[in-house]
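# Residue-level structural notes
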Amino acid sequence: MESKSFLKWVLLFLIVGCQLIRCSVTYDSKSIVINGERRILISGSIHYPRSTPEMWKDLVMKAKDGGLDVIDTYVFWNVHEPSPGNYNFEGRYDLVRFLKTVQKAGMYVHLRIGPYVCAEWNFGGFPVWLKYVPGISFRTDNEPFKNAMRGFTEKIVNLMKSEKMFEPQGGPIILSQVENEYGSVGKALGSAGHNYMTWASNMAVELGTGVPWVMCKQDDAPDPIINTCNGFYCDEFSPNKPYKPTMWTEAWSGWFTEFGGPVYERPVQDLAFGVVRFIQKGGSFFNYYMYHGGTNFGRSSGGPFITTSYDYDAPIDEYGLIRQPKHGHLKKLHMAIKQCEPALLSAEPVITSFGSLQQAHVFSPKSGPCAAFLSNYDPNNAGKVMFNNKHYTLPPWSISILPDCKNVAFNTADVGVQSTKVEMQPSDSNLFSWEMYTEDLTVSDESSTLTATGLLEQINITRDTSDYLWYTTSVDIGSSESFLRGGESPELLVQSMGHALHVFINGEHSGSSFGTRKHRRVAYKEKINLRAGSNKIALLSVAMGLPNIGGHYETWETGVLGPVALYGLDQGKRDLSWFNWTYQVGLKGEAMNVFSSNTNSNIKWTQGSLITQKQQPLTWHKAYFNEPHGDEPLALDMNSMGKGEAWINGESIGRYWSTYANGDCQGCHYAGTYRPLTCQLGCGQPTQRWYHVPRSLLKPTNNLLVLFEELGGDPTKVSIVKRSMVQ
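Worth saying up front: this structure is predicted, and the values here are computed from it rather than measured. (Residues numbered from 1 in each chain as written. Predicted model: local features only at pLDDT ≥ 70, side-chain atom pairs only at ≥ 80, totals over all residues. Heavy atoms only, no water.)

A few words now on the overall build of the protein. When helices and strands are counted, the protein shows 12 helices and 40 strands. Against the compact-globule benchmark of 27 Å for 727 residues, the protein has a radius of gyration of 29 Å, which places it among compact chains. A principal-axis box enclosing the C-alpha atoms of the protein has dimensions of 105 × 65 × 55 Å. Looking at the protein residue by residue over its 727 residues, the buried ones come to 58%. (Helix = DSSP H or I, 4+ residues; strand = E, 2+ residues; numbered from the N terminus. Rg over C-alpha atoms; globule rule 2.2 N^0.38 Å. Buried < 20%, exposed > 50% of the residue type's maximum accessible area, 1.4 Å probe, protein only.)

To continue, consider the environment of Thr420. Here Thr420 is to be found in the loop between β19 (410-411) and β20 (421-426). It is 24 Å that separates the C-alpha atoms of Thr420 and Ala661, two residues lying 241 residues apart in sequence. Those residues within four positions of Thr420 in sequence are excluded, and the remaining contacts are Ile322 and Gln324. In this structure the side chain of Thr420 is engaged in a polar contact, spanning 3.5 Å, whose partner is the backbone nitrogen of Gln324. (Contact = heavy atoms within 4.5 Å. Polar contact = N/O pair within 3.5 Å; in protein donor to acceptor, adjacent residues only side chain to side chain.)

Of all six residues in strand β35 (residues 643-648), six are buried, a share of seventy percent or more. In this structure, β35 lies alongside strand β36 (residues 651-657), joined through six bridges in antiparallel fashion. Paired with Gly644 across the strands is Tyr656, a residue of β36. Bridge count for β35 against strand β39 (residues 703-709) is five bridges, and the pairing is antiparallel. Across the sheet, residue Gly644 finds its bridge partner in β39, namely Glu709. (Pairing = 2+ DSSP bridges.)

Moving on, we come to the UniProt feature "domain: Beta-galactosidase beta-sandwich" (unreviewed entry) in the protein. In the UniProt entry, the feature "domain: Beta-galactosidase beta-sandwich" (unreviewed entry) is given for residues 359-415. Along residues 359-415 one finds 0% helix and 49% strand; the C-alpha atoms at either end are 21 Å apart. (UniProt positions renumbered as here; feature names shortened; annotations may be inferred.)

As a further point, take the confidence of the model for the protein. Low pLDDT means the predicted coordinates in that region are not meant to be read closely. For the protein, the average pLDDT comes to 95, and 96% of its residues sit at 70 or higher. In the predicted structure, residues 1-21 sits below a pLDDT of 50 and forms two contacts with residues beyond four places in sequence or in another chain. (pLDDT = per-residue confidence, 0-100.)

Our next topic: the pattern of salt bridges. Summed over all chains, the structure comprises 34 salt bridges. In this structure, Lys421 engages Glu423 in a salt bridge whose closest nitrogen and oxygen atoms are separated by 3.4 Å. Given a relative accessible area of 30%, Glu423 falls into the partly exposed group. Measuring nitrogen to oxygen at the nearest pair gives 4.0 Å for the salt bridge that ties Lys525 to Glu491. Taken together, the positions of Lys525 in strand β27 (residues 522-527) and Glu491 in strand β24 (residues 491-496) put the pair 34 residues apart, joining distant regions of the chain. Overlapping salt bridges, with partners in common, bring together Arg39, Asp69, Lys338 and Glu341 in one network. (Salt bridge = Lys/Arg side-chain N within 4 Å of Asp/Glu carboxyl O.)

What follows deals with the side chain of Lys146. Mapped onto the fold, Lys146 is located in helix α5 (residues 143-162). A polar contact is formed between the side chain of Lys146 and the side chain of Asp141, at a distance of 2.7 Å. Polar side-chain contacts of Lys146 include one of 3.0 Å to the side chain of Glu143.

Read across the sheet, five strands follow the order β13-β14-β15-β18-β19 without closing on themselves; strand pairing throughout is antiparallel. Either end of the sheet is taken by a strand with one partner, and the two such strands are β13 (349-353) and β19. Pairing geometry for strand β15 (residues 371-376) and strand β18 (residues 398-402), over five bridges, is antiparallel. Looking at β18, one finds that Ala372 is bridged to Leu402. Seen against the sheet, helix α8 (residues 268-280) touches β13, β14 (358-363), β15, β18 and β19 and runs at an angle of roughly 55° to β18. (Axes fitted to C-alpha atoms, helices over the stretch in contact; angles between N-to-C directions.)

One pass over the structure, following the stated rule, counts 48 aromatic pairs. Relative to Trp121, the ring of Phe76 lies with its centre 4.5 Å away and its plane at 50°, an arrangement referred to as tilted. Of the two residues, Phe76 sits in the loop between β5 (70-74) and α3 (77-80) while Trp121 sits in the loop between β6 (108-114) and α5, which places them 45 residues apart along the sequence. On the basis of relative accessibility, which here comes to 0%, the residue Phe76 falls in the buried class. A relative accessible area of 2% means that Trp121 is categorised as buried. The side chain of Arg139 reaches across the aromatic face of Tyr116, ending 3.7 Å from its centre. Positioned above the aromatic ring of Tyr233, the side-chain terminus of Arg266 is 5.1 Å from the ring centre. (Phe/Tyr/Trp six-rings, centres within 6.5 Å; stacked < 30°, edge-to-face > 60°. Lys NZ or Arg CZ within 6 Å of the ring centre and 35° of its normal.)

What follows concerns unusual backbone geometry. Cis geometry marks the peptide bond from Gly498 to His499; its omega dihedral reads 15°. The topology assignment puts His499 in the loop between β24 and β25 (500-505). Between Gly562 and Pro563 the backbone carries a cis peptide bond, its omega angle lying at 0°. For Pro563, the location among the structural elements is in strand β29 (residues 560-569). With phi around 60°, Phe123 is a residue other than glycine that occupies positive phi space. In this fold, Phe123 is placed in the loop between β6 and α5. Backbone geometry places Arg139, a non-glycine residue, at a positive phi of 55°. On the secondary structure map, Arg139 appears in the loop between β6 and α5. Arg139 sits in the buried class, given a relative accessible area of 5%.

Right, let's get into the state of the cysteines. This model, assessed by the stated rule, comprises four disulfides. Across the disulfide from Cys229 sits Cys234; the S-S distance is 2.0 Å. An S-S torsion of about -80° defines the bridge between Cys229 and Cys234 as left-handed. Accessibility assignment for this pair places Cys229 and Cys234 in one class, buried. Disulfide partner of Cys370: Cys405, at an S-S distance of 1.9 Å. Residue Cys370 is located in the loop between β14 and β15, and its partner Cys405 is located in the loop between β18 and β19; the two are separated by 35 residues in the primary sequence. (Disulfide = S-S within 2.5 Å.)

This paragraph deals with the environment of Asp476. By the secondary structure assignment, Asp476 is in strand β23 (residues 468-477). Under the relative-accessibility criterion, Asp476 is labelled exposed at 55%. Taking the C-alpha atoms as reference points, Asp476 and Cys23, 453 residues apart in sequence, are found 76 Å from one another. Discounting residues that sit within four places of it in the chain, Asp476 has contacts with Gly533, Ser534 and Arg574.

Our next topic: the environment of Cys23. Within the element layout of this structure, Cys23 appears in the loop between α1 (2-22) and β1 (25-27). In this structure the C-alpha to C-alpha distance between Cys23 and Thr393, which are 370 residues apart in sequence, comes to 45 Å. Those residues in contact with Cys23, other than ones at most four positions away along the chain, are Asn35, Glu167 and Pro168.

Okay, structure coming up:
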């Protein structure tokens, strides 16, 4: 009996031991170690809220087909906890469903909890209510902030544990990230920044996920946190301890787009060159940011002024289509890297120089084939080198991979994948039954207004429930004023902290002014038409997404903060800044849910015959359409519109703005150190013309399209188009 009992315990020990070995994630100086095995891991960012659940499987499978091992995503606090203690994990925010989709594909996950994400996302991913927690100061040694951050981080970790999502539980998550690109912010804050960073590290580790934690761009990340690199290139990066692996959490595949700016692309030859530079220096994990960028649906884009499209020139485009040659060239790169994996993980590189701009990095393990990387850093000229008694020609700004130290399996500049051309083509669906409803500026709902002396900050009033805030006051003009008898009209000055401004005098649109991402402030100074007696001045301040980056950006102000003044009256300047101002959050159409499929009898829609005659500002337009045939991705062509927001069947597909791109679109060459200004497209055209309409939002017939137009575009020229690959 005793021997049987002993054998039973031995067997149990072996089973448990095997489970521990089989389900573990650790690291050493060479790489992440999964189930006791070192791995070269290739990752790509796909953000679940920027696509629809119906797209997730296809996106993940295309990523796997491209040679990826890992899907990387942030966790977006503001969508998951829209108000304190109230959580949302449904629809596009179903994080668990997304991770299980990745798991079913046989891939791993890097879950970047943050919870600060940056990501050109509204308020950097923080919920706006967080700004109003008493005594709070973001991302520093501040107890209210740390308590809130700990609460959300624990919520996500506990959710992942309950769903058995961490690798030691048999799940896909092999890495987690706490905080995000905090290094420079922390240094600026001194000891408070260092204390906060140390606290965040300890807090994360104490949650006991069973997988390593990382901090990106955090050179002083304490053990056991792995510090990692973000950037266009990371071959000069080394971790802060020799026993940590060299990891690149964001290899930027392109760049984001802002309204009024060009579209940026990054040549795949340079992206591949950057990756191989990193690998030949001993890097073992790299993640493409983005692999699929997707769409900033609703009011999720940050910046401000970030476009609704978050395409990012990624290998899978905004609509879910493969972008060639980027996807295919990188796939071949990944195959070549995997051929070198045994040598990369078991040897250190021996570097030989062939001159000032050519090198060989050779990995020669004690057993098995060696691997070599022949590099040419000359951006202008090809290089000819002799390696292992054999001549090799290296194109400019390129690296050749030799998995057996003999034969070239891949060269970063030699693109053998055919480019695909994608066009927006007309669909077989027409918009019909146009109607319009113009905001009534003559009457306000006093029950929903606030009156105060002086000018108030916008977000403090709206709490970001709407992009729009009305500032309204009255000015009395005496009948003896000179301008009423043929003199020069007075001039109105309005200074705003951003982001856009529409001025109405006695119910008539007097003009508009717009900021930019770099210059958010808005200045309006124009002559206006006033009459004797009382004059109503109404200023509509428009937010274009809240900031997502910068030191204590939660303190940055938005809206009309003055001065507001009249010039040119007989008595000179009249300062209106400290008049009584009435504040109205949002638009009447928003309050009545005019974009909803449920009809509201209180809304007086005007039939479409008058639309082209009256292109008025602050107008709602609606029409219906049937789902186009086929399976191609769909978009709205908004070239005829001005600025506003669009809804399909009650779901906002994002802000639109047909502002034209300013830039320097002088062509693009892959060789030489890349920066976004290197390769610009679309100058002189609308920054964004087409807006993604996911097919999952549609019904077979009678789909409702609602547009809110700030400026007065022509909705009858809006069309449904399909995104098609052409030969």
